Amino acid sequence: MSTIAVTVSAIEPQGRANRSLRLEAVAGRLPAFEAGAHIDLHLPNGLVRQYSLANAPHQRDHYLLCVKREPGSRGGSEFIHSQLAVGCQLQVSPPRNAFPLRLAEHCLLVAAGIGITPLLSMAETLQAEGRSFSLHYYTRTPQDVAFADRLRERFAPASIHLHHSSQGRSPRQHLPAELLDRRPGSRLYLCGPQAFMAALRERAHHLGWPDEHVHSEAFAACAEERTGASFEVRLARSGRTLTVNADQSIAAALMASGVDVPLSCEMGICGACLTGLLEGQGDHRDHVLSEAEKAADRQIALCCSRSRSARLVLDI
């Protein structure tokens, strides 16, 4: 996959554990993006990490990321917080969007922690287009809020709602009224920790929200077993048939046989390896496809998903 050279032009603290990175193109213009998009960030230590774009899509002169310092970091957030400096040159991928903003009479945006990043971009879009929305943002304390000045200065107070568990307003204790009493034509967008999104998605389901009107994006893959029975994959374009072993991903089997696979996150959260599924029943373990898309069985994530049938036929 082609990459774009960028320079880190600014780094700012965003709450107690977050840093925002402003990235500008070394030459030319950055590719356009839509709210909900993310990029791959190639770090000097060899790691590649996915981060949502937090700036307004009409801002074409830079990309804005926000990274939380994770206690259990595998090297990505730790490197960004301890070693990355203004002036560093990096490579990024063109934006991809597995979390698009869809037309609705009202959009309810609900974020927790670092999940604010894609929803902030959505709020910017909705406000610029004059569309109805509200943003509810949950953090542990007021000091943990990212982009506090931006939220206060660029949006109408009636559209932005901050909730802090230290003040008795955690998602367990206080949910948005618009979630509990759904407005016709509304869509719900969730972003944050897996447990947070799962709990709110389940609550929305019990409250009568149509599943296709509830959208979410994962920042980390759930702990899924990649093992299972072996199965075959047939490559429709070349006619080759390969075996995917019980302890092997589809991507690994393909690459071992010399087939090029566009991998990035390898955790089922970025969508880079989504491939057409022509026949067979996929065991979908990604966090990119919607439940309806998984049921349709027309695409499969090669890095993490497996098969419920003896053979899959891939559009490769």
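Residues numbered from 1 in each chain as written. Predicted model: local features only at pLDDT ≥ 70, side-chain atom pairs only at ≥ 80, totals over all residues. Heavy atoms only, no water.

1. Considering the nonpolar core
For soluble globular proteins, the rule of thumb is that nonpolar side chains tend to be buried together. The biggest cluster of nonpolar side chains holds 27 residues, and the ones touching the most others in it are Leu-109, Leu-119, Met-122, Leu-151 and Tyr-189. Where this core is concerned, the elements lending two or more residues are strand 5 (63-68), strand 7 (106-112), helix 2 (116-128), strand 8 (133-139) and strand 10 (186-191). With six residues, the top contributor of residues to this core is helix 2. Counting contributing residues per domain, this core is built from domain 1 (4-92) and domain 2 (106-217), each supplying no fewer than three. Contacts of Leu-109, omitting those with residues within four sequence positions, involve Leu-119, Met-122, Ala-123, Leu-126, Phe-133, Ser-134, Leu-135, His-136 and Tyr-189. Counting residues in hydrophobic clusters, the runner-up holds 22 residues, among them Phe-33, Leu-53, Tyr-63 and Phe-79. (Core = buried A, V, L, I, M, F, W, Y, C linked by side-chain atoms within 4.5 Å. Buried < 20%, exposed > 50% of the residue type's maximum accessible area, 1.4 Å probe, protein only. Helix = DSSP H or I, 4+ residues; strand = E, 2+ residues; numbered from the N terminus. Domains from an automatic or database assignment. Contact = heavy atoms within 4.5 Å.)

2. Thoughts on the pairing of strand 7
In the case of a regular strand, side chains alternate between the two sheet surfaces. Most of strand 7 is tucked away: seven of the seven residues are buried. Neither face of strand 7 is open: one carries His-106, Leu-108, Val-110 and Ala-112, the other Cys-107, Leu-109 and Ala-111, and all of them are buried. Here six bridges tie strand 7 to strand 10, and the two strands are oriented parallel to one another. Looking at the pairing, Leu-108 lines up with Leu-188 of strand 10. In the sheet, strand 7 pairs with strand 8 via six bridges, with the strands oriented parallel. Pairing of Val-110 across the sheet is with His-136, part of strand 8. At this point the chain moves from strand 7, through helix 2, to the parallel strand 8, and the crossover so formed is right-handed. (Pairing = 2+ DSSP bridges. Right-handed = clockwise from strand over helix to strand, strands pointing away.)

3. Let's talk about the sheet that holds strand 5
In space, the six strands of this open sheet follow the order 4-3-6-1-2-5, with antiparallel pairing throughout. Edge positions in the sheet fall to strand 4 (48-52) and strand 5, since each has one partner strand and no second. Taking the axes of each pair of neighbouring strands and ignoring which way they run, one obtains an average angle of 40 degrees across the sheet. (Axes fitted to C-alpha atoms, helices over the stretch in contact; angles between N-to-C directions.)

4. What to know about the packing of aromatic side chains
Considering all chains together, one arrives at four aromatic pairs under this definition. On the numbers, 5.9 Å between centres and 80 degrees between planes, the contact of Phe-33 with Tyr-63 is edge-to-face. Of this pair, Phe-33 sits in the loop between strand 2 (18-25) and strand 3 (38-42) while Tyr-63 sits in strand 5, and the two are 30 residues apart along the sequence. For the residue pair Phe-33 and Tyr-63, the accessibility class agrees, reading buried in each case. Consider the rings of Phe-99 and Tyr-189, whose centres lie 5.9 Å apart with planes at 65 degrees: the pair is edge-to-face. Note that Phe-99 is positioned in the loop between strand 6 (89-92) and strand 7 and Tyr-189 in strand 10, a separation of 90 residues in sequence. Classification of Phe-99 as buried rests on a relative accessible area of 2%. Taking the ring centre of Phe-147 as reference, the NZ or CZ of Arg-150 above it sits at 5.4 Å. Here Arg-182 stacks its cationic end above the ring of Trp-209, 5.3 Å away from the centre of that ring. (Phe/Tyr/Trp six-rings, centres within 6.5 Å; stacked < 30°, edge-to-face > 60°. Lys NZ or Arg CZ within 6 Å of the ring centre and 35° of its normal.)

5. Side note on the sheet that holds strand 18 (residues 311-314)
The pairing of strands in a sheet happens through backbone hydrogen bonds and is either parallel or antiparallel. The five strands are arranged 13-12-18-14-16 in an open sheet whose pairing can be described as mixed. Unpaired on one side and paired on the other, strand 13 (241-244) and strand 16 (299-301) mark the two borders of the sheet. Averaged over all adjacent pairs, the angle separating strand axes in this sheet is 40 degrees, with direction ignored.

6. Some thoughts on the side chain of Asp-297
Among the structural elements, Asp-297 can be located in the loop between helix 7 (291-296) and strand 16. Every residue in contact with Asp-297, bar those within four places of it in the chain, is listed here: Leu-277, Gly-280, Gln-281, Gly-282 and His-284.

7. Structural notes on the environment of Asp-40
If you trace the backbone, Asp-40 turns up in strand 3. In this structure Asp-40 comes out as buried when scored by relative accessible area, which is 3%. Sequence separation of Asp-40 and Ala-272 is 232 residues, and the distance between their C-alpha atoms is 9.9 Å. A distance of 3.2 Å separates polar atoms of two side chains, one belonging to Asp-40 and the other to Gln-50. Of note is the side chain of Asp-40, whose polar atom sits 3.0 Å from the side chain of Arg-96. (Polar contact = N/O pair within 3.5 Å; in protein donor to acceptor, adjacent residues only side chain to side chain.)

8. Side note on the pattern of salt bridges
Here the structure, examined in full by the defined rule, presents 13 salt bridges. Here Asp-61 and Arg-22 are joined by a salt bridge, their closest N and O atoms 3.0 Å apart. One end of the pair, Asp-61, is in the loop between strand 4 and strand 5; the other, Arg-22, is in strand 2, with 39 residues separating them in the sequence. Exposure remark for Asp-61: the relative accessible area of 47% places this residue in the partly exposed category. Salt bridges sharing partners connect three or more residues here, namely Arg-22, Glu-24 and Asp-61. (Salt bridge = Lys/Arg side-chain N within 4 Å of Asp/Glu carboxyl O.)

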